[in-house]
Every structure is written in C-alpha cells, then in structure tokens.
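# Examination of the molecular architecture
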Amino acid sequence: PLSKKVVDGTKTRKVKTNHLLRVEDHDFTMRPAFAGPAIPVGVDVQVESLDSISEVDMDFTMTLYLRHYWKDERLSFPSSTNKSMTFDGRLVKKIWVPDVFFVHSKRSFIHDTTTDNIMIRVYPDGQVLYSLRVTVTAACNMDFSRFPLDSQTCTLELESYAYTDEDLMLYWKSGDESLSTDDKISLSQFLIQKFHTTSRLAFYSSTGSDSCPWSISALQNHKCWYNRLYINFTLRRHIFFFLLQTYFPATLMVMLSWVSFWIDRRAVPARVSLGITTVLTMSTIITGVNASMPRVSYIKAVDIYLWVSFVFVFLSVLEYAAVNYLTTVKDGKERKLREKAREQALSCTCGMSHARTMMLDGTYSEADANSLAGYTRTPVASAAEEPPEKQERMVVHLSLDNESMGTKKKGLRGLRIIQNTHAIDTYSRMIFPGAYIFFNLIYWAVYW
C-alpha cells in the first residue's frame, strides 16, 4: 500500500557506548595490566608544518599529528563484522590514555577549532588508536659560530611524565617510517635537509628521583629511567638573503672608502665626509645584524666579516689623516725654504763676473732649490724700491757647495716616499684592494 510507513533507522534504540565498552565497569585511573609488565605504547608522528625558527629565542614551532597505539582489553567489545568504532575527545576523559608530554617545551596546545582535534578509535580486541593535532614550541640549542653559513639540528622530545620504563614502554611504531612529513613544508630562511627519529632511555628526565617507584633493583642502582623518543630535523640556512642584506652592502662600503684615494689630498671636505659616511654606514650594518641575533658570548662568522670590513673603512680614514698631516708638514718646510731664500736674495752680494742667473718666483719647491747647484749669488737692485707685486719675483744668483748639495740630495731621496703624499695614495690604491681580496678568499674558503 502507498501509505506504508518507512522506518527511520536513526530512531532505532541502540546500545549506549558506555555499556558497549563497559567504561563504567572498570577503573581507568590505572594503566592496562596494572602491576604487571610494562605496557607497550607505539607512537608515530606526521609533521604538518614547521611554522617558524627563532634565533633570538632559540626555539622552533611545529604543528603535528601525534598518534598513540596500545592495547587495553578493558575496552574490547563483541563485534560480528570486526569493525572499529571511532569517538571524539569526549571519551578521553573516561578512559586511560598515555601521559606523553614534550620535553623542553615552552608552549603547546591542542587545536580546538571547531571542536577538540582529538580522535579515538577502538577495535574489538581492545586495540586503541589515540590521535591528536598539536602545535608545540620547543627549545633548540643553536650554535651560531658559523652564522649565517650554518646548519642547525633541532629536536622534539617525547616522554611519559609519570610512568617509568617499568610501567610504560614508549617506542616508534614503525621504526624510521614512523615519522612522515608534508612535501610542501618550507621555510623562508632554511632548507630542511632531513627528518629522522631516534630513541633512548633518559635518566631522571621528567619528574626526578622522588617520583620513581623504588624497587629492590632500583634501590641498589639508585636509577630511574624513562623512555624518550626524539624527532630530529636538520636545517641549513639560505645564504642568498644575507648576501643581499649584509655581505654586498658591507663590501660596497669598503670599495666606496677606496674612492678617497683618487680624490686630491687638498680636498679636505670631500675626503673627510666620504670617510665618515662609510664608517657610520658600516656601524649601522653591524648594529642591524646584531639586533636580530641573540647576545651570544662568542664570535660569529658574520661578525668577523663585518668587523674586518669596518677596519678597512677605518684605515682608509686614517690613511687620509696621515696624508693630510704629511702634506701640512711638507708645506711648512717649503714655506720656510722660500722665506730663507728670500732673505738670502735680499742680503747677499757677490761679485763674480761669470755667474749664471735664473729667475725664481715665490712658489718654487725644494726640488727647484736643489737644481740650482752651481749658480752664484749676485747683487740685485734694491728690492725695497720695487713695487710690492714685484718683490716676490727676483733674480737670484746662488752659489752652493757641490759637496753639501750632494749630501742634502741623498737625505731628501731617503725621505721622498714619506714626504710625497701622492705616493701614499698610490700605494693605498693597490694595497687596500689586494688585502681585502685576500681576506675574502680566506674567509669564503673557511666558512663556505
């Protein structure tokens, strides 16, 4: 008949979960096989994302699916199809679950959007799968001695908080295959080289010796051991970012400081301002790099490069200070020579008929005076009677002793490099770039 009533299967009265699993019939505050052998708890992990690596705080943040496998015969149930039953997080509060925690964890939480990300699957024979989605921030001991050309190995450690190895045996369920990762995991500054798992016993690792269930053997050995699982991953830092932000700017500042070697030594404002600008820029680069790093007490690779570059820039400023000082000294000596020659021209009179003469103006150098050997001094018309503008231009007859002039030339030749400030700039144009290139070759050969 058309009016036949259709039975709604969802309204059929079924057995409650509590009755099917007999949750109320057992005390789940105790572990399975209590007072018996250690219960084996297998673990596997799927890493969903590696969210961040912080050099300043020396930690990392990871989101993962943590799954536990064990057998609790108290949860076995009759089933004709041998199919499992799946429950959400509300059953966790009613049954026993392993008390695994993250060692050296700073912050961690179970995701609860839109509901607690917890799943429990129970099989008819009492096998249990307990899975949860966790985000954990854990400490990572980093070594920055080779920063930013470094590799870091961080570890996430799992361990039972209360149960020692005599009560709970924590192990990787499938060995090396117990850890799986998403192929899309990537970091901006690091290349993830590999993930791998290890395990070992940890001595007094969680709650200390006072919590150990002392047995006769434990009292004899005074040891309390816990099973600990390790998720290890190795990261290698991308260098290209630091090449653009640190190494290239520092190198350009050093090269810019060399420009002053081609600027005239008397252009004091140009050379001083260029030197100060490069020094301040190098200081800013060094400060910016250290601001994003922890205050470690050892020298990093980037510190060596930046401080050596800073020394090169600073030496270029000192080089001009030396050039400017020697130029001032030289100008003072030439001024004294001109004044002495002027006094001799006004006061000396000699009457040699075959004396050779030459014209000297007030701007002759010491080299010009040296070239006057063999000339004799003859009287000149009274310089006081000449107009002031012509007093600097006089006919001077010099008669210098050849032996004394030879000695003087030899002394001047020995001081030529020191007094010739152009030679200092010339040598600096070759020494500074050569030394910096040599430093770079050694630096990159050692740290690359």
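Every chain begins its residue count from 1, and numbering advances along the sequence as written. Given that this is a predicted model, residues contribute local features only at a pLDDT of at least 70 and side-chain atom pairs are listed and counted only at 80 or more, while totals for whole chains, interfaces and linings are drawn from all residues. Excluding hydrogens and water, the side-chain values take into account all heavy atoms of the structure.

Basically, it comes down to this: UniProt positions are given in the numbering used here, feature names are shortened, and annotations may be inferred rather than shown by experiment.
For the protein, the name recorded in an unreviewed UniProt entry is GABA(C) receptor, with Electrophorus voltai as its organism. In its Subcellular location (unreviewed entry) section, the UniProt record describing the protein reads: "Postsynaptic cell membrane". One UniProt comment on the protein, placed under Sequence similarities (unreviewed entry), says "Belongs to the ligand-gated ion channel (TC 1.A.9) family."

### Let's talk about the confidence of the model for the protein
Where the model shows low pLDDT, its predicted coordinates should not be examined in detail. The cut-off we apply is this: Confidence of the predictor in every single residue is expressed as pLDDT, which spans 0 to 100. Residues are treated as being in contact if the distance between any of their heavy atoms lies within 4.5 Å.
Chain-level pLDDT for the protein is 80 on average; 75% of the residues reach the 70-or-more range. Predicted confidence for residues 371-386 stays below pLDDT 50, and this span has 44 contacts to residues more than four positions away or in other chains. Note on residues 388-404: pLDDT is under 50 here. Beyond four places in sequence and across chains, it has 45 contacts.

### Focus on the side chain of aspartate 303
Under the convention used in this document: The helix count covers DSSP runs of H or I at least four residues long, the strand count covers runs of E at least two residues long, and both are numbered beginning at the N terminus. Relative accessibility decides the category of a residue: with a 1.4 Å probe and only protein chains considered, values under 20% of the type maximum give buried, values over 50% give exposed, and everything between is partly exposed. A 3.5 Å cut-off defines polar contacts: any pair of N or O atoms within that distance qualifies, except that in protein one atom must be a possible hydrogen donor and the other a possible acceptor, and neighbouring residues in sequence count only when both atoms are side-chain atoms.
Its place among the elements puts aspartate 303 in helix α5 (residues 301-347). For aspartate 303, a relative accessible area of 10% puts it in the buried group. A polar atom in the side chain of aspartate 303 sits 3.0 Å from the side chain of lysine 300.

### Notes on the pairing of strand β12 (residues 225-237)
Spelled out, the test is: Any two strands between which DSSP finds at least two bridges are classified as paired.
Counted residue by residue, β12 has 11 buried out of 13 residues, so it is predominantly covered. As defined by bridge partners, strand β8 (residues 151-160) adjoins β12 across 9 bridges and the pair is classed as antiparallel. Bridge assignment links threonine 155 to a residue of β12, and that residue is asparagine 232.

### A look at the nonpolar core
Basically, it comes down to this: As used in this record, nonpolar core signifies buried Ala, Val, Leu, Ile, Met, Phe, Trp, Tyr and Cys residues forming a set joined through side-chain atoms within 4.5 Å.
Judged by nonpolar contacts, the single largest core of 80 residues is most densely connected at Val45, Leu50, Phe60, Leu64 and Leu156. Setting aside residues up to four positions removed in sequence, phenylalanine 60 forms contacts with Leu50, Ser52, Ile53, Val136, Thr137, Ala138, Ala139, Cys140, Cys154, Thr155, Leu156 and Phe233.

### Some points on a nonpolar patch on the surface
The test is simple: Patch rule: a residue counts if its relative accessible area is over 30% and it has no salt bridge; like charges are joined within 9 Å, and nonpolar side chains (Val, Leu, Ile, Met, Phe, Trp, Tyr) within 5 Å. Using a 1.4 Å probe, accessible areas were evaluated by the Shrake-Rupley method; residue-level cover was limited to the displayed protein chains. Whenever a carboxyl oxygen of Asp or Glu lies within 4 Å of a side-chain nitrogen of Lys or Arg, that contact is scored as a salt bridge.
On the surface, Val268, Val272, Ile276 and Leu280 cluster together into a nonpolar patch covering about 320 Å² of accessible area. Along the chain, leucine 280 falls in helix α4 (residues 268-291).

### Notes on the pattern of salt bridges
Applying the stated criterion across every chain, the model contains 13 salt bridges. In this structure, the salt-bridge partner of arginine 90 is aspartate 88, at a minimum N-O distance of 2.5 Å. What makes arginine 90 exposed here is its relative accessible area of 64%.

### Quick notes on α4
Operational definition: What a helix should span is 1.5 Å times the count of its residues minus one.
For α4, with 24 residues, the first-to-last C-alpha span of 35 Å sits near the 34 Å given by 1.5 Å per residue. Three or more residues of α4 are buried, namely Arg271, Leu274, Gly275, Thr278, Val279, Met282, Ile285, Ile286 and Val289.

### So, the state of the cysteines
One covalent bond between the sulfur atoms of two cysteine residues makes up a disulfide. The following threshold applies: Note on terminology: disulfide denotes any pair of cysteine sulfur atoms within 2.5 Å.
Applying the stated criterion to the full structure yields 1 disulfide. Disulfide pairing is shown between cysteine 140 and cysteine 154; the S-S distance is 2.0 Å. Looking along the S-S bond of the cysteine 140-cysteine 154 disulfide, the torsion reads about -80°, which is the left-handed sense. A residue pair is termed long-range when its members are at least 10 positions apart, and cysteine 140 in the loop between β7 (127-139) and β8 and cysteine 154 in strand β8 qualify at 14 residues. Among the residues examined, cysteine 140 registers a relative accessible area of 2% and is labelled buried. Note on cysteine 154: relative accessible area 1%, which makes it buried.

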